[in-house]
Amino acid sequence: MSRLQIEIDNGSGFCFGVTTAIKKAEEELAKGLTLYCLGDIVHNGMECERLRAMGLITINHEEMEQLHNVKVLLRAHGEPPETYELASHNNIEIIDATCPVVLQLQKRIKNQYLLNSPQIVIFGKKGHAEVLGLVGQTQGNAIVIESFNEVTKLDFTRDIYLYSQTTKSLDEFHRIIDYIQSHISTEATFRSFDTICRSVANRMPNISQFASRHDLILFVCGRKSSNGKVLYNECVRVNPNSHLIEGPGEILTEWLKDIKTVGICGATSTPKWLMEQCRDAIEKMEQE
């Protein structure tokens, strides 16, 4: 019997978009057909490995150019228009698992750009798959700012239409809006569109409460996850005794000394089974 109380956060784990993408991959693989996925289906190495063992082949854009007459799954992050053009040219069947929230955002940006080609600004991580898909809607002309500190590089004499990557911080987005509003020329138009996914944004206050309830927090997450970094930093802010781990093999026994409760949580890319493995590993450590 464990002397420690271990709680897995119910609010952690795959978001709707990731769950749908993985379900689509599993359905295709169950048919015994070859299925390619453009990029890691989720920013979690262990989940990618599980699907690879089922037959999923992860490829990059260069490798996709060489493929013909196959099926390629597009993950939740979305893709720029060129990817669909390439698929059509190479007779590739697309299994489109783009998250509906991302798809809606792509359409809004594309329509706005075609309407009057304003200065379209995206608050997001440069090079991130979702952001590349969004910038692609503007023929590569959108300006990406990664943080509040980069807002000064915008041209405040021109119209600005501001959007956000779906998994960014709501607080920082509002700081950017306030700055632009106070600096934009009276001759220019400024419009902002809150495109942050609520199922992700709502995790911030929830994870704060969760982290404050425990002596030790284990945040289970692939180190590539940008959403994971944001949520983990919030855990550390609330509870300095927080550790980011990719799996049970990284848990150190010294962390478990002189504590009574452990909270296990994760990102939108963290599978529930992985958090459960971490719980089981702690219980095993206690018995040794």
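Description of the structure in this document. (Residues numbered from 1 in each chain as written. Predicted model: local features only at pLDDT ≥ 70, side-chain atom pairs only at ≥ 80, totals over all residues. Heavy atoms only, no water.)

## A closer look at the pairing of strand 4 (residues 71-74)
For a regular strand, side-chain orientation follows a simple rule: the groups alternate between the two sheet faces.
For step 1, the next point in the chain: The side-chain alternation of strand 4 yields two buried faces, one formed by K71 and L73 and the other by V72 and L74.
For step 2, the next point in the chain: The sheet contact formed by strand 2 (residues 35-38) and strand 4 spans three bridges and is parallel. In the sheet register, L38 faces strand 4, and the bridge partner there is L74.
For step 3, the next point in the chain: Inspection of the sheet shows strand 4 paired to strand 5 (residues 93-96) by four bridges, in the parallel sense. Paired with V72 across the two strands is I94, which belongs to strand 5.
For step 4, the next point in the chain: Read from strand 4 through helix 4 (residues 81-89) to strand 5, the crossover connection turns out right-handed. (Buried < 20%, exposed > 50% of the residue type's maximum accessible area, 1.4 Å probe, protein only. Helix = DSSP H or I, 4+ residues; strand = E, 2+ residues; numbered from the N terminus. Pairing = 2+ DSSP bridges. Right-handed = clockwise from strand over helix to strand, strands pointing away.)

## A closer look at the packing of helix 9 (residues 203-212) against helix 10 (residues 226-238)
For step 1, the next point in the chain: It is the contact of helix 9 with helix 10, at a shortest axis distance of 9 Å, that shows an interaxial angle of 40°. Viewed along their axes, helix 9 and helix 10 adopt a mutual orientation that is oblique. Here helix 9 and helix 10 pass one another in a crossing that is right-handed. Between helix 9 and helix 10, the residues in contact are R203, M204, I207, S208, A211 and S212 and V230, L231, E234, C235, R237 and V238, respectively.
For step 2, the next point in the chain: Classifying every residue of the contact of helix 9 with helix 10 gives seven nonpolar, two polar and three charged. (Axes fitted to C-alpha atoms, helices over the stretch in contact; angles between N-to-C directions. Parallel < 35°, antiparallel > 145°, perpendicular 65-115°, else oblique. Left-handed = near helix turned anticlockwise from the far one by under 90°. Contact = heavy atoms within 4.5 Å. Nonpolar A, V, L, I, M, F, W, Y, C, P; charged D, E, K, R; others polar.)

## Concerning the sheet that holds strand 10 (residues 216-220)
For step 1, the next point in the chain: Taking strand neighbours across the sheet as the criterion, the four strands line up as 1-12-10-11 in an open arrangement whose pairing is parallel. Strands with a single pairing partner mark the edges of an open sheet, and in this sheet they are strand 1 (5-8) and strand 11 (242-245). The sheet shows a mean angle of 20° between the axes of neighbouring strands, taken without regard to direction.
For step 2, the next point in the chain: Pairing of strand 10 with strand 12 (residues 261-266), which is carried by five bridges, proceeds in the parallel orientation. Paired with L218 across the two strands is I264, which belongs to strand 12.
For step 3, the next point in the chain: Across the sheet, helix 11 (residues 272-287) touches strand 1, strand 10, strand 11 and strand 12, and the angle it forms with strand 12 is around 155°.

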